[in-house]
Amino acid sequence: CLSTSSTTCVSCLKGYYFNPSNSICIACDIGCATCNNDATCLTCLAGYYIVISSNSAVTANGKCLKCDDSCLSCQTDAFTCDVCASAYKRNGFKC
């Protein structure tokens, strides 16, 4: 808990979300830096990118997925690198 009121949480540390039904903080999904529940990431940790789609068939929507090993960071998909990992060099948006 980031802060408490008596013996219950009222806000959570980064990487956790507040569950009002039992007043506890629960860890975000793997790869999430911040989230508002266990299914929806708001921001991702370094080395992950967030899937944002209006297509309801996309099951990873709101999840943070790992960038390819060739990328130090990526934003739109696993292989479109912002920064290349060491020992890789940029070729367009790929490393």
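Further remarks concern the overall build of the protein. Counting its regular elements, the protein contains 0 helices and 10 strands. The helix and strand sequence of the protein, counted from the amino end, reads β-β-β-β-β-β-β-β-β-β. Every one of the 95 residues in the protein was classed for burial, and the buried ones make up 27%. Long-range pairs, those at least 24 residues apart, make up 10% of the contacts in the protein between residues at least 6 apart in sequence. Accessible surface, the protein: about 6200 Å² in total, of which carbon and sulfur atoms supply 56%. Counting 6 positive and 6 negative side-chain charges, the protein places the averaged centre of each group 7 Å from the other.

A complete count under the given rule lists 7 disulfides for this structure. Through a disulfide, Cys28 is tied to Cys35; the S-S separation comes to 2.0 Å. The chirality of the disulfide connecting Cys28 with Cys35 is left-handed, given an S-S dihedral of about -85°. In this structure Cys28 comes out as buried when scored by relative accessible area, which is 12%. There is a disulfide in this structure between Cys32 and Cys41, and the S-S distance comes to 1.6 Å. When sorted by exposure, Cys32 lands in the same class as Cys41, which is buried.

Now for the pattern of salt bridges. A side chain with one charge may pair with a side chain of the opposite charge, provided their charged atoms come close. Under the definition given, this model contains 1 salt bridge. One salt bridge connects Lys63 with Asp29, and the closest N-O pair in it is separated by 3.3 Å. Of this pair, Lys63 sits in the loop between strand 7 (48-50) and strand 8 (64-66) while Asp29 sits in the loop between strand 4 (24-27) and strand 5 (32-35), and the two are 34 residues apart along the sequence. Exposure remark for Lys63: the relative accessible area of 22% places this residue in the partly exposed category.

Before going further, it helps to examine the pairing of strand 3 (residues 16-19). For a regular strand, side chains alternate in direction, first toward one face of the sheet and then toward the other. Here strand 3 shows one buried face, formed by Tyr17 and Asn19, and one open face, formed by Tyr16 and Phe18. Inspection of the sheet shows strand 3 paired to strand 4 by 4 bridges, in the antiparallel sense. Paired with Asn19 across the strands is Ile24, a residue of strand 4. Where strand 3 hands over to strand 4, the hairpin turn is made up of 4 residues, of which Ser23 adopts a positive phi near 55°.

This part covers the environment of Lys94. Mapped onto the fold, Lys94 is located in the segment after strand 10 (81-84). Assessed through its relative accessible area of 45%, Lys94 is described here as partly exposed. Excluding its chain neighbours within four sequence positions, the residues that come into contact with Lys94 are Phe79, Thr80 and Lys89.

Tyr49, Val51, Cys67, Cys71, Cys74, Ala78 and Cys81 together form the largest nonpolar core, which totals 7 residues. Tyr17, Cys28, Cys35 and Cys64 belong to the second largest nonpolar core, which has 6 residues in total.

Analysis parameters
Here the residue numbering is sequential within each chain, running from 1 through the sequence in written order. Per-residue local features are limited, in this predicted model, to residues with pLDDT of at least 70; the limit for side-chain atom pairs, both in listing and counting, is 80 or more; totals at the level of whole chains, interfaces and linings are taken over all residues. Excluded from the side-chain calculations are hydrogens and water; all other atoms, namely the structure's heavy atoms, are used. Secondary structure elements follow DSSP: runs of H or I no shorter than four residues count as helices, runs of E no shorter than two count as strands, and numbering proceeds from the N terminus. Exposure classes here rest on a 1.4 Å probe applied to the protein chains alone. A residue is buried below 20% of its type maximum, exposed above 50%, and partly exposed in between. Any two residues whose heavy atoms approach within 4.5 Å at even a single point are treated as in contact. Using a 1.4 Å probe, accessible areas were evaluated by the Shrake-Rupley method; residue-level cover was limited to the displayed protein chains. Note on charges: Lys and Arg go in the positive column, Asp and Glu in the negative column, and His and the chain ends are not counted at all. Every charge is mapped onto a representative atom, which is NZ of Lys, CZ of Arg, CG of Asp or CD of Glu. Pairs of cysteine sulfur atoms within 2.5 Å are what we label disulfides. Salt bridges, as used here, are contacts in which a Lys or Arg side-chain nitrogen is within 4 Å of a carboxyl oxygen on Asp or Glu. Strands were regarded as paired on the criterion that DSSP finds at least two bridges between them. Put simply, buried Ala, Val, Leu, Ile, Met, Phe, Trp, Tyr and Cys residues joined by side-chain atoms within 4.5 Å make one nonpolar core.

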